[in-house]
Amino acid sequence: MEWISYPENKPTESGTYIVSITRPYESGDLTFKYIAYYKPDLNSWFQYDPFTDKISDKITFKVNGWVEKFAIYLG
């Protein structure tokens, strides 16, 4: 898994990506991983629910980077 810096490098295709997001927190900032949906025509990330395949609100917090290829464990 190799992180790609954002916004310097943007995905060229719509789809779901694992992203690193930073948001304000009580005693500073909180950075976490999240599955988000990217729409290149809007240059925007959106909240995504992989259980329902639903795309919802635009993410307004700072997106630090994204991962293009990520292995899935099928067990």
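Now for a quick tour of the structure. (Residues numbered from 1 in each chain as written. Predicted model: local features only at pLDDT ≥ 70, side-chain atom pairs only at ≥ 80, totals over all residues. Heavy atoms only, no water.)

**Here we look at the packing of aromatic side chains**
Evaluated as defined, the whole model comprises six aromatic pairs. Taking 5.9 Å as the distance between ring centres and 85° as the angle between the ring planes, the aromatic pair formed by tyrosine 17 and tryptophan 45 counts as edge-to-face. Of this pair, tyrosine 17 sits in strand β2 (residues 15-25) while tryptophan 45 sits in strand β4 (residues 44-49), placing them 28 residues apart in sequence. Tryptophan 45 carries the same exposure label as tyrosine 17, and that label is buried. With a centroid separation of 4.6 Å and 50° between ring planes, the pair formed by tyrosine 38 and tryptophan 45 is classed as tilted. Residue classification places tyrosine 38 among the buried residues on the basis of a relative accessible area of 1%. Of the aromatic side chains, those joined through ring pairs into one cluster are Tyr6, Tyr17, Tyr38, Trp45 and Trp66. The ring of phenylalanine 46 is capped by lysine 39, whose NZ or CZ atom sits 4.9 Å from the centre of that ring. (Phe/Tyr/Trp six-rings, centres within 6.5 Å; stacked < 30°, edge-to-face > 60°. Helix = DSSP H or I, 4+ residues; strand = E, 2+ residues; numbered from the N terminus. Buried < 20%, exposed > 50% of the residue type's maximum accessible area, 1.4 Å probe, protein only. Lys NZ or Arg CZ within 6 Å of the ring centre and 35° of its normal.)

**Examining the sheet that holds β4**
Strands sit in the order β1-β6-β2-β3-β4-β5 across an open sheet of six strands; the sheet is antiparallel. In this open sheet, the two edge strands, each paired with only one partner strand, are β1 (3-5) and β5 (54-58). In this sheet, neighbouring strand axes are inclined to one another by 45° on average, regardless of whether the strands run parallel or antiparallel. As paired strands, β4 and β5 are joined by three bridges and run antiparallel to one another. Paired with phenylalanine 46 across the two strands is lysine 58, which belongs to β5. (Pairing = 2+ DSSP bridges. Axes fitted to C-alpha atoms, helices over the stretch in contact; angles between N-to-C directions.)

**Looking at the side chain of serine 20**
Along the polypeptide, serine 20 turns up in strand β2. Note on serine 20: relative accessible area 13%, which makes it buried. If sequence neighbours within four positions are ignored, serine 20 has contacts with Trp3, Thr31, Phe32, Lys62, Val63, Asn64 and Gly65. (Contact = heavy atoms within 4.5 Å.)

**Comments concerning the side chain of serine 44**
Mapping serine 44 onto the fold places it in strand β4. Only 2.9 Å separates the side chain of serine 44 from the backbone oxygen of leucine 42, close enough to count as a polar contact. When near neighbours in sequence (up to four residues on either side) are disregarded, serine 44 contacts Tyr37, Tyr38, Lys39 and Lys58. (Polar contact = N/O pair within 3.5 Å; in protein donor to acceptor, adjacent residues only side chain to side chain.)

Remember, this is a structural readout, not a statement about activity or role.
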